[in-house]
Amino acid sequence: IELTDAEMWSLATGCSALTTRELSEGDEISYVGRASWAAGCSAFTALALSGCYKITDTGRVSRVDESSAITTLNLDSCDEITDTGLASLAAGCSATTTLDLSECHQITDIGLASLAAGCSAITTLYLSCCDQITDTGLASLASGCSAITTLKLDSFDEITDTGLASLAAGCSAT
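A short tour of the structure in this document, coming up. (Residues numbered from 1 in each chain as written. Predicted model: local features only at pLDDT ≥ 70, side-chain atom pairs only at ≥ 80, totals over all residues. Heavy atoms only, no water.)

**Describing helix H5 (residues 109-118)**
Here is step 1 of the chain: Turning to H5, its buried residues number three or more, namely Asp109, Gly111, Leu112, Leu115 and Ala116. Axial view of H5: buried residues confined to an arc of 155°, hence all on one face. Within H5, the exposed residues directed more than 90 degrees away from the buried face are Ile110 and Ala117. (Buried < 20%, exposed > 50% of the residue type's maximum accessible area, 1.4 Å probe, protein only. Helix = DSSP H or I, 4+ residues; strand = E, 2+ residues; numbered from the N terminus. Arc of directions from axis to C-beta.)

The following block contains the structure:
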């Protein structure tokens, strides 16, 4: 089923007890649809937006800001997400424990610094193929996300043993 903004509004107003929603590449959901979902689904704790090419910094941020109860957020392959969006996400993600940013190619060390500053509850983080992240980004995570127990890193050219050592030192401090 491919959903539109109007269908999202109908679901949001009629199914306020929903806790999980998975959207995928085919869904034609824009900022308007996600905002209506945010307004109508206060029990929402998990959101998967994997491959949703219409997800931008503005749209994603509106969803998280409206529901700080989100514990699981999957933004895998949402290639329009940037450091700006990640900074906004970090301002409202105090309950988030699982975050998938795999293949979000515009995220850099700056975005990870924002994440580390605002999302200290993260225990599971996926960063596969985020090819602009370096040792500096891992050092930021080490200082602010010491609760991480699961971290997926692969396809990185700019991460060295130094970055992994700093991350290990920060995560073992708790």
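**What to know about the environment of Thr150**
Here is step 1 of the chain: Along the chain, the position of Thr150 falls in strand E6 (residues 150-152).
Here is step 2 of the chain: For the pair formed by Thr150 and Thr98, sequence separation is 52 residues and the distance between their alpha carbons is 9.2 Å.
Here is step 3 of the chain: Excluding residues that lie within four positions of it along the chain, Thr150 makes contacts with Thr123, Thr124 and Leu125. (Contact = heavy atoms within 4.5 Å.)

**Quick notes on the side chain of Asp135**
Here is step 1 of the chain: Within the fold, Asp135 resides in helix H6 (residues 135-144).
Here is step 2 of the chain: One buried charged residue, Asp135, forms no salt bridge at all, with the nearest opposite charge on Lys152 at 19 Å.
Here is step 3 of the chain: A polar contact of 3.4 Å, which involves the side chain of Asp135, links it to the backbone nitrogen of Gly163. (Lys, Arg positive; Asp, Glu negative; His and termini not counted. Salt bridge = Lys/Arg side-chain N within 4 Å of Asp/Glu carboxyl O. Polar contact = N/O pair within 3.5 Å; in protein donor to acceptor, adjacent residues only side chain to side chain.)

**Observations concerning the packing of helix H4 (residues 83-91) against H5**
Here is step 1 of the chain: Following both chains from N to C, one finds H4 and H5 inclined at 0°, their axes separated by 8 Å at the closest point. Overall, the two elements H4 and H5 adopt an arrangement that is roughly parallel. Taking contact as the criterion, the partners of Asp83, Leu86, Ala87 and Ala90 in H4 are, on H5, Ile110, Gly111, Leu112, Ser114, Leu115 and Gly118.
Here is step 2 of the chain: When its residues are assigned to classes, the contact of H4 with H5 shows six nonpolar, three polar and one charged. (Axes fitted to C-alpha atoms, helices over the stretch in contact; angles between N-to-C directions. Parallel < 35°, antiparallel > 145°, perpendicular 65-115°, else oblique. Nonpolar A, V, L, I, M, F, W, Y, C, P; charged D, E, K, R; others polar.)

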